[in-house]
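Spelled out from the first residue to the last, the chains are:
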Amino acid sequence: HGNVPHILAVSDSQDVLIADLTLRDAYFHLIQIHGEHNADGVHLFNLHLIDSGEQFVKGSTAGPPGPYADDGIVECSTFEYTDRARSWYTNGVDVLAGSNWTIRDNTFRNIRAPQGQIAGPAVLMWRNSLDTVVERNLFIECDRAVALGLSAPDGNSRDGNMTYDHQGGIIRNNMIYREGPGDVGITVNYAHDVVIAHNTVILNDTFPWGAVEYRFGATSATVTNNLLDAPVWQRDGASGTVSGNVTDAAQDWFVDPTAADLHLLPAAIGAIDAAPPSHWATDDFDGHFRPIGEAADVGAHEYDSSDPVPPSGFRDVPPGHLFEGDVTWLAANQITRGCNPPTNDLYCPKLPVTREQMATFLVRALALPS
């Protein structure tokens, strides 16, 4: 965080592509898009953004009557702090009064404040931003992941609107995982007609009040088919339609939750084929078509039992797993044959081993009489 305020600043420019770069260590922002100086239509693609002083990507405005930073696309990029921000005042993408932004297929990692503080949301669209799409992103150890609308409108709100901090938009097919302290996963505030659908949010009891919240009397939200390990939280007079959400997701429903791999396993019987019909998500986190099976799955991933089994022989021991080699050897030597007969495509590495199972392993390994 030296003497460079911004690395890239966009002003008096439209339809700019910024791609295939690594940017790090600016004092304020790695990229600033000056909506107040006629910058719009900026497309950010395949960037690696590291250790910004404040916001990684900032879309700014001078307030009404505009102009504003509109029509942005942020995709296939990684935003991360090596550890933590230098202060709470940070976001991954922070846009004031922007319209028609799409933020998709990105990874946000460690967007978090110093210990004991709460950072801004990794994705924040506010001051009467319009029609934002936030989809298929992965959020790992972020204090807050997504906020459409944040606080009461003020003089910077688009078109002078003093009722809403965000209007329209959808948050769908995102995966959010956190083990450390923080706040809610997804929040919408002073937000009109916003949709939160088919997200997977696992906070590991770090914020037990809610994985998703909709808040304040101006807010109207649809919250549907999300897979959560904490409640959907209605606050301060917000109105909404809440349906099809699962709020008691278990660790053994996912391939490798500690590595933020929240793809479903067959054990996720509370989520697979359990989503009521919805037109909000026709694909999943990986871009695969929904539904596969009798109905769509709750959450960001659509489980497909026809997916190839990993080389280990078990869907919950994917390539790169810490013990992939050991488990593969155990299976190849018939010491283990799986934990979910008759399919036996799971190893269940996080479950306890019974005395009977251990005896069976020893008999097979040592070729003892049965």
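Residues numbered from 1 in each chain as written. Predicted model: local features only at pLDDT ≥ 70, side-chain atom pairs only at ≥ 80, totals over all residues. Heavy atoms only, no water.

(A) Representation of the state of the cysteines. Applying the stated rule across the entire model yields one disulfide. Here Cys-339 engages in a disulfide with Cys-348; their sulfurs sit 2.0 Å apart. Because the sign of the S-S torsion sets the handedness, a value of about 60° for the bond joining Cys-339 and Cys-348 places this disulfide among the right-handed ones. Sulfur of Cys-142: no disulfide; nearest cysteine sulfur belongs to Cys-76 and is 18 Å away. Looking at Cys-142, the relative accessible area reads 5%, which means it is buried. (Disulfide = S-S within 2.5 Å. Buried < 20%, exposed > 50% of the residue type's maximum accessible area, 1.4 Å probe, protein only.)

(B) How the structure looks around the sheet that holds strand 12 (residues 129-130). One open sheet accounts for three strands, arranged 12-16-20; its pairing is parallel. Every interior strand has two partners, whereas the edge strands, strand 12 and strand 20 (191-192), have only one. In this structure, strand 16 (residues 166-167) lies alongside strand 20, joined through two bridges in parallel fashion. The partner of His-166 across the bridge, within strand 20, is Ala-191. (Pairing = 2+ DSSP bridges. Helix = DSSP H or I, 4+ residues; strand = E, 2+ residues; numbered from the N terminus.)

(C) Representation of the pattern of salt bridges within the structure. For the structure on display, the rule yields 18 salt bridges. Of the charged contacts, one joins Asp-165 and Arg-127 as a salt bridge, the two residues approaching to 3.2 Å between their closest N and O atoms. Of this pair, Asp-165 sits in the loop between strand 15 (146-148) and strand 16 while Arg-127 sits in the loop between strand 11 (123-126) and strand 12, and the two are 38 residues apart along the sequence. Residue classification places Asp-165 among the buried residues on the basis of a relative accessible area of 0%. Among the residues examined, Arg-127 registers a relative accessible area of 8% and is labelled buried. Salt-bridge contacts for Glu-213 lead to Arg-235; the nearest nitrogen and oxygen are separated by 3.0 Å. (Salt bridge = Lys/Arg side-chain N within 4 Å of Asp/Glu carboxyl O.)

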